[in-house]
Amino acid sequence: MAVERTERNAGIGAELVATCVNWAREAQAAGVLLVGDPPYFERFGFQRIDGAVMPGPVDPARLLWLALEAAAAPGGPVRAD
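Since this is a predicted model, take the numbers as computed values, not measurements.

Caption draft 1: Structural view of the environment of Gly-36. Relative to the elements of secondary structure, Gly-36 occurs in the loop between strand 1 (31-35) and helix 2 (38-41). Exposure remark for Gly-36: the relative accessible area of 3% places this residue in the buried category. Dropping the residues within four chain positions of it, Gly-36 is found in contact with Phe-41, Arg-62 and Leu-64.

Caption draft 2: Here's a closer look at the pattern of salt bridges. Inspection of every chain in the model, using the stated rule, returns one salt bridge. One salt bridge in this structure joins Asp-50 and Arg-48, with 3.1 Å as the shortest N-O distance. In this structure Arg-48 comes out as partly exposed when scored by relative accessible area, which is 44%.

Caption draft 3: Up close: the sheet that holds strand 1. Judged by pairing direction, the sheet is antiparallel, and its three strands sit side by side in the order 1-4-2 without closing on themselves. The open sheet has two edge strands, strand 1 and strand 2 (47-48), and neither has a second partner.

Caption draft 4: Structural detail: the packing of aromatic side chains. Summed over all chains, the structure comprises four aromatic pairs. Between Tyr-40 and Phe-44, the ring centres sit 5.5 Å apart and the planes meet at 55°, which makes this aromatic pair tilted. On the accessibility criterion, Tyr-40 (26% relative accessible area) is partly exposed. Geometrically, the ring pair formed by Phe-41 and Phe-46 is edge-to-face, given 5.7 Å between the ring centres and 80° between the ring planes. Judged on exposure class, the residue Phe-41 and its partner Phe-46 are both buried. Three or more aromatic residues joined by ring pairs form one cluster here, namely Tyr-40, Phe-41, Phe-44 and Phe-46.

Caption draft 5: Seen up close, the layout of surface pockets. If you add up the space inside the largest pocket, you get close to 230 Å³. Taken together, Met-1, Ala-2, Val-3, Gly-13, Val-17, Leu-34, Val-35, Gly-36, Asp-37, Tyr-40, Phe-41 and Arg-62 form the lining of the largest pocket. Among the secondary structure elements, those contributing two or more residues to the lining of the largest pocket are helix 1 (12-26), strand 1 and helix 2.

What counts, and at which threshold
- Residues numbered from 1 in each chain as written.
- Predicted model: local features only at pLDDT ≥ 70, side-chain atom pairs only at ≥ 80, totals over all residues.
- Heavy atoms only, no water.
- Helix = DSSP H or I, 4+ residues; strand = E, 2+ residues; numbered from the N terminus.
- Buried < 20%, exposed > 50% of the residue type's maximum accessible area, 1.4 Å probe, protein only.
- Contact = heavy atoms within 4.5 Å.
- Salt bridge = Lys/Arg side-chain N within 4 Å of Asp/Glu carboxyl O.
- Pairing = 2+ DSSP bridges.
- Phe/Tyr/Trp six-rings, centres within 6.5 Å; stacked < 30°, edge-to-face > 60°.
- 1 Å grid on protein atoms, 1.4 Å probe; cavity = no way out; pocket = protein on both sides within 12 Å on 5 of 7 lines; lining within 4 Å.
- Points joined across faces, edges and corners; volume = space filled by probe spheres on them.

Following this line, the structure appears as structure tokens:
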């Protein structure tokens, strides 16, 4: 997800994150995994994780997890199921 530069600081990004997290909760997902900017996403409860491997070039320092239930962060290769 991204917000047009001219629209930043209007709360649109926070609304997008909240909507996505709420959708994941309603879908009874164990959590949300994303590649993003830690200083931005940490305020929503996302934390950096180790051990998960995304396909393609991904900076491991930007791999973040938000547990929605008592589930461990994913580890090993990440794939869509």
